[in-house]
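One-letter residues, chain by chain:
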Amino acid sequence: MSAKRQTYSQPQKKKVRQIVLRHAVRSLTEERTSSTLVPVGRFDSLARYCVHFAREYLKLDLSEPMAALQQHWAVVYASRVGARDPSNLKVLFLCGPDPLNDLDELFALGIAPENVWAVEADEQAFKAAAKQLHNGGWPIKLHQGSLHEFLAVVPEQFDVVYFDACGPLFGGKPKTSTVLRELFLNQRLGPLSVLITNFAATPRDTEDEWITRLHAWYAPRYFQPAWGEIDGAMAIERIGKPAEFHAHLKQHLEGYYSDFVTRFTIEFASELLPWWRVRALKGARRAYFAPDAKLACAIEASIADGQIVTVDGQPSLGILLDSTGHCQLSPDQYQFLWTVALARDHLNGNDALLEILTKDTLEDAKLCDAINAVSLVRNYFESIGGGFAQHNSDACSDALREVLDHFRWFDSPGTPAYQLFCDTPLPNLAIDLLMGVYGYPYHVNLQKLKRIEYTAKITPMYTDVFVLDQCRYMYDLVPTLAMFGDALPLTLQLQLRICMNLIRLHTHESCRDLYRGSALAGMEVEGFNIHGWPDRVVLK
């Protein structure tokens, strides 16, 4: 038996394969309803909570309109989610020379052979796989070629994609990050689906590159894998004194990398790619953002006000926030903007993270263009009432500014329901909804996120199982900007707010700023607690 065969067939790998594939199939079939971020039962429970509060504190009986709302939403939900048997699921996986390792498990779970695609780029591995499948009599679809090219061209949607990269994230030729980009960009996963990734630990010869890369990603954040939640003011120290943070990253490198391979995938699918798609669509760009020249001035003003100097026209972090801790560019509130600036300052020109942030294009837009624009408009509330962040207002189109200035949620300040519920809704909620209409995000069910570590020979491997929900039962209810305004009826507002609240229970620990401030019920209320970030389970 070859060494490669041993790697594919070793007991730990077999155990991991069984765990992840069984979890994927169960999540999409018998547990399908609980795999969505807004199950019907949870929606109904939060609706009853709202009816109770309105009756007790506003003397307003919403039982009849809420009953009609629930009935309507249940129909929309059922039409978007549906039901699946294992034999209905379509599966794509990287097969290697031994495809039967995965296929035996898939067929045992009820997957139909005609619904399986196997992809292998290496010629020798492809020949070995083809021979094994011929001998076994399994007429699945076996494709020789790179996975990223397959995802870019073949217009198929899959329920399960098993991306067993074997190499590290951002490693390989083509880079593994390119596969993730094409997978999400081309919507190759279904509206409710499972992505399984398997990445190797950081190579020892690229340790310094990873330390610099992780500095760009984690320095602006409150949350740190080795520290947990810490004072945001310390972000300035991490940004301004990279040598000290680099020493910390070197000491905890595998812990940060283990967190990053999960977090990057989630944030890219949930926020960054949707923002990028909106920025690339010219009609959406005109609808949401100021004309390019005015938007560029707003971005430049935000950089100046935050005291980030520029070098050759690009943001540089030679000067940081002022001594008062001015929050216009507070790192946690603008974490991706800071990540772009740190990446430009410190990463090598051919670094994979720098490439996806500042060089890759979607139509004529770069991801950094989207980050700059969206970071300002989604913090529009800082400019309300003559606030200090005028550049956030200047970044908006006239139409978006008109909506954000005049639209009121049913519990906004000045309404009878103001302060009745947990959070006061701010304009970022409308922005997140409007981004989702065009952006088609994939949100991750944090309760079903599995994170596993095992050792292949001597190499630590990090396997993640993401149960993904595009939440179209919510986004399809959202009107486009031209229709978003005072005419938004109470029942529709309630539907959206209930969905946002339940989605936020997952994003609080996975996408910190997404639907921030959307809680109707306090997180301490039983049944509406946030879902925690799962530890990575080490299989011996």
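Residues numbered from 1 in each chain as written. Predicted model: local features only at pLDDT ≥ 70, side-chain atom pairs only at ≥ 80, totals over all residues. Heavy atoms only, no water.

**Comments concerning the overall build of the protein**
1) Next: Assigned secondary structure in the protein consists of 23 helices and 15 strands.
2) Next: Rg of the C-alpha trace for the protein: 24 Å, near the compact-globule value of 24 Å for 540 residues, within the 12% margin.
3) Next: Overall size of the protein, expressed as C-alpha extent along the three principal axes, is 75 × 60 × 40 Å.
4) Next: Burial statistics for the protein: of 540 residues in total, 59% are counted as buried. (Helix = DSSP H or I, 4+ residues; strand = E, 2+ residues; numbered from the N terminus. Rg over C-alpha atoms; globule rule 2.2 N^0.38 Å. Buried < 20%, exposed > 50% of the residue type's maximum accessible area, 1.4 Å probe, protein only.)

**A look at the pattern of salt bridges**
1) Next: Applying the stated criterion to the full structure yields 25 salt bridges.
2) Next: Here glutamate 182 ties to arginine 181 by a salt bridge, and the two come within 2.9 Å at their closest N and O atoms. No difference in accessibility class separates glutamate 182 from arginine 181, as the two residues are buried.
3) Next: Several salt bridges converge on common partners, so that one network encompasses Arg26, Glu31 and Lys448. (Salt bridge = Lys/Arg side-chain N within 4 Å of Asp/Glu carboxyl O.)

**Describing helix H12 (residues 242-251)**
Since the α-helix turns once every 3.6 residues, residues separated by three or four places project in the same direction.
1) Next: Inspection of H12 places Phe245, His248 and Leu249 among the buried residues, and these make up the whole buried set. Axial view of H12: buried residues confined to an arc of 100°, hence all on one face. Opposite the packed face of H12, turned more than 90 degrees from it, sit the exposed residues Ala243, Glu244 and Gln251.
2) Next: Residues of H12 that are buried sit in contact with helix H10 (207-218), strand S6 (223-224), helix H11 (234-240) and helix H13 (253-280). (Arc of directions from axis to C-beta. Contact = heavy atoms within 4.5 Å.)

**What to know about the packing of aromatic side chains**
1) Next: Applying the stated criterion across every chain yields a total of 33 aromatic pairs.
2) Next: Centre to centre, the rings of phenylalanine 150 and phenylalanine 158 are 6.5 Å apart; their planes meet at 35°, and the pair counts as tilted.
3) Next: By relative accessible area, which is 4% here, phenylalanine 150 ends up buried.
4) Next: Measuring from centroid to centroid gives 5.3 Å for tryptophan 217 and phenylalanine 260, while their planes differ by 85°, and the two rings are edge-to-face. On the criterion of sequence distance, the pair formed by tryptophan 217 in helix H10 and phenylalanine 260 in helix H13 is long-range, its members being 43 residues apart.
5) Next: The exposure class assigned to tryptophan 217 is buried, which follows from its relative accessible area of 0%.
6) Next: Here phenylalanine 260 falls in the buried class, since its relative accessible area comes to 0%.
7) Next: Above the face of the tryptophan 210 ring, arginine 213 is positioned so that its terminal group lies 4.4 Å from the ring centre. (Phe/Tyr/Trp six-rings, centres within 6.5 Å; stacked < 30°, edge-to-face > 60°. Lys NZ or Arg CZ within 6 Å of the ring centre and 35° of its normal.)

**Digging into the pairing of strand S5 (residues 189-200)**
1) Next: Among the twelve residues in S5, eleven count as buried, and that is most of the element.
2) Next: A crossover links strand S4 (residues 158-164) with its parallel partner S5, the connecting element being helix H9 (residues 176-185), and its sense is right-handed.
3) Next: Sheet topology note: the S5/strand S14 (residues 459-469) ladder contains nine bridges and is antiparallel. Residue leucine 195 lies in a different strand from S14, and its bridge partner there is phenylalanine 466. (Right-handed = clockwise from strand over helix to strand, strands pointing away. Pairing = 2+ DSSP bridges.)

**A closer look at the side chain of aspartate 351**
1) Next: Within the fold, aspartate 351 resides in the loop between helix H16 (335-346) and helix H17 (352-358).
2) Next: Residue classification places aspartate 351 among the buried residues on the basis of a relative accessible area of 6%.
3) Next: Within polar-contact distance, the side chain of aspartate 351 engages the backbone nitrogen of leucine 353 at 2.8 Å. (Polar contact = N/O pair within 3.5 Å; in protein donor to acceptor, adjacent residues only side chain to side chain.)

**Thoughts on the environment of lysine 457**
1) Next: Checked against the element boundaries, lysine 457 lands in the loop between strand S13 (450-456) and S14.
2) Next: For the pair lysine 457 and glutamine 12, spaced 445 residues apart in sequence, the C-alpha to C-alpha distance is 9.9 Å.

**A few points about the packing of H13 against helix H21 (residues 427-439)**
1) Next: Axis separation between H13 and H21 bottoms out at 8 Å; the angle between their running directions is 75°. Comparing the axis directions of H13 and H21 gives the class roughly perpendicular. Listed contacts from H21 to Pro274, Trp275, Arg277 and Val278 of H13 are Met435, Tyr438 and Gly439.
2) Next: Counted by class, the contact of H13 with H21 contains five nonpolar, one polar and one charged residues. (Axes fitted to C-alpha atoms, helices over the stretch in contact; angles between N-to-C directions. Parallel < 35°, antiparallel > 145°, perpendicular 65-115°, else oblique. Nonpolar A, V, L, I, M, F, W, Y, C, P; charged D, E, K, R; others polar.)

**Comments concerning the environment of arginine 26**
1) Next: Its location among the elements puts arginine 26 in helix H2 (residues 11-28).
2) Next: A relative accessible area of 33% means that arginine 26 is categorised as partly exposed.
3) Next: In the structure, arginine 26 is positioned 83 residues away from leucine 109 in sequence and 9.0 Å away in space, judged by C-alpha atoms.

**A look at helix H4 (residues 40-58)**
1) Next: In this model H4 runs 26 Å from its N-terminal to its C-terminal C-alpha over 19 residues, within 8% of the 27 Å that 1.5 Å per residue would give.
2) Next: Along H4, the positions that sit buried rather than exposed are Phe43, Leu46, Ala47, Tyr49, Cys50, Val51, Phe53 and Ala54.
3) Next: If you follow the buried residues of H4, they end up packed against helix H5 (63-81) and helix H23 (490-507).
4) Next: Just downstream of H4, lysine 59 is the residue with a positive phi angle, here 55°. (Expected span 1.5 Å × (residues − 1).)

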